Amino acid sequence: MTDPFSPFRLAGLSLRNRIIKTATFEGMSPGGCVSEALIEHHRALAKGGVGMTTVAYCAVAPDGRTFADQLHMRPELVPDLRALTAAVHAGGAAASLQLGHCGAFCNNHDLARRRPVGPSRALNLVGALSGRVLADAMTETEIEDVTSAFVAAARLAREAGFDAVELHLGHGYLLSQFLSPGTNARRDRFGGSLENRARFALSVVERVRAALPPQTPVLAKLNLRDGFRGGLELDESVQVARWLEARGVDALVLSGGFVSRNPFYLFRGERPLRQMIAVEKSWAQKLALALFGPALIHAYPFEPLYFLPLAREIRRAVRMPLVLLGGVKSRDDLDTAMREGFELAAMGRALIHDPGLIGKYAAGSARESGCVPCNQCVAEMDREGGVCCSKVPSQIAERALSVRTAKASRP
Ligand SMILES: Cc1cc2nc3c(=O)[nH]c(=O)nc-3n(C[C@H](O)[C@H](O)[C@H](O)COP(=O)(O)O)c2cc1C
């Protein structure tokens, strides 16, 4: 059996092991800038032993942010991102940047346009209560502009020292909204058949792949299922995976869920409604969450490797490297991922709980993660100072200190 701690070559990139810290929004980019806390977060993950760490959600354009405090790629960001990638490299890991566009899933009050855009004219579920009730259908020119923005952002990511980029095709963000029959009602060549719904994502992938040197890996995060009735289903994602392989994607990160429709399909485990209400800044959203949250936000029981049964179908369909994600926590889970034929495994919450976990697994001093999973980190990422595990008091104390230090150093 393949050892998860054996090196792996992804395109031209040598990884010291097969474990990736998956993108988990850090909440450490106030004003869309790289904070010291963000650099420290990824430095700790690199020192803690992962093969590659992924900086979460960087929008390819200002209007691609779900919230104003997300990174969006621009030349001015490059020097600070370079400091981040240097810190990761010093810790012996590779750095990947997740690039995305939120489309109609938008609660950004800083939009250049009057309304967010997506595949079709639709209710903007995340922004409705703060006045951004509708999203418009994108024109072909806008589709082309966003495609070019992905290419430009990928080039800047390389300039900033990232070893890889991950294109976000899942979780109900723009490219996933196009892929999904539940959100794409277009009647032109970008809607209807799967081939048409996949056209935008495939063109982004093809253009980004062509714009980067072949040795720089391009990963894509794809939904196995959207997780709501009428959404993308496995038979379609299998076909999309085949097309992505043909377009030269270097690895697929297999996920699922649609944040605006069924957020906890993505995570599994407890539904931290009380914490989500507590950190919510808008009173209207607080009230809506309190009144409708229990009925609308479904909970799913957590199981180790919860996407494995679906991911096996993609494994049968393609030969490209695949990344198993979703409930990978223990040392045994890593072995299972390898035994099932996945070249790589990705972890989110277990590494929020303990950024040093992989080093402990490698040294044999631990075999289990202490992550519950209570999912309070999902609420915590919206608190000032960013994501932390609320079950680890030292992390709460460090966050409070970093907030105080950041405030004191502001001019
Ligand atoms: C706090 C938090 C923030 C997340 N933010 C992102 C994100 O920005 N982009 C993304 O693709 N997935 C995001 N996710 C989902 C994770 O990448 C991953 O799919 C999910 O946590 C399941 O993996 P796990 O069981 O190893 O935690 C986030 C998850 C958590 C817990």
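First, a word on scope: everything that follows refers to the structure included in this document. These numbers were taken from a predicted model, which means no experiment stands behind them.

Contacts to the ligand come from 25 residues, most closely from Thr24, Phe25, Ala56, Gly348 and Arg349. A breakdown of the residues in the shell around the ligand according to their chemical character gives 14 nonpolar, nine polar and two charged.

On to helix H9 (residues 283-296). Owing to its 3.6 residues per turn, the α-helix aligns residues three or four sequence positions apart on the same side. In this model, H9 (14 residues) spans 18 Å end to end at C-alpha, consistent with the 20 Å of a helix rising 1.5 Å per residue. Its axis deflected by about 40 degrees at Ala290, H9 carries its strongest bend there, up to four residues before the proline Pro294.

With that settled, the discussion passes to the packing of helix H3 (residues 140-159) against helix H5 (residues 194-211). One can describe the packing of H3 onto H5 by two numbers: an axis separation of 9 Å at closest approach and a directional angle of 35 degrees. Crossing angle aside, the handedness with which H3 passes H5 is right-handed. Note on element contacts: H5 touches H3 through Phe200, Ser203, Val204, Arg207, Val208 and Ala211, opposite Ile143, Thr147, Phe150, Val151, Ala154 and Arg155. Among the residues making up the contact of H3 with H5, the classes are represented as eight nonpolar, two polar and two charged.

So, on to the sheet that holds strand S7 (residues 117-118). Overall, mixed pairing links the three strands, which are arranged S7-S9-S8 in an open sheet. The strands lining the two open edges of the sheet, one partner per strand, are S7 and strand S8 (122-123). Note: S8 against strand S9 (residues 134-137), two bridges, orientation antiparallel. Along S9, the bridge assignment pairs Leu123 with Leu134.

Calculation criteria
Residues numbered from 1 in each chain as written. Predicted model: local features only at pLDDT ≥ 70, side-chain atom pairs only at ≥ 80, totals over all residues. Near = placed C-beta within 6 Å. Nonpolar A, V, L, I, M, F, W, Y, C, P; charged D, E, K, R; others polar. Helix = DSSP H or I, 4+ residues; strand = E, 2+ residues; numbered from the N terminus. Expected span 1.5 Å × (residues − 1). Bend = angle between axes of the 7 residues up to and from the residue. Axes fitted to C-alpha atoms, helices over the stretch in contact; angles between N-to-C directions. Left-handed = near helix turned anticlockwise from the far one by under 90°. Contact = placed C-beta atoms within 7 Å. Pairing = 2+ DSSP bridges.

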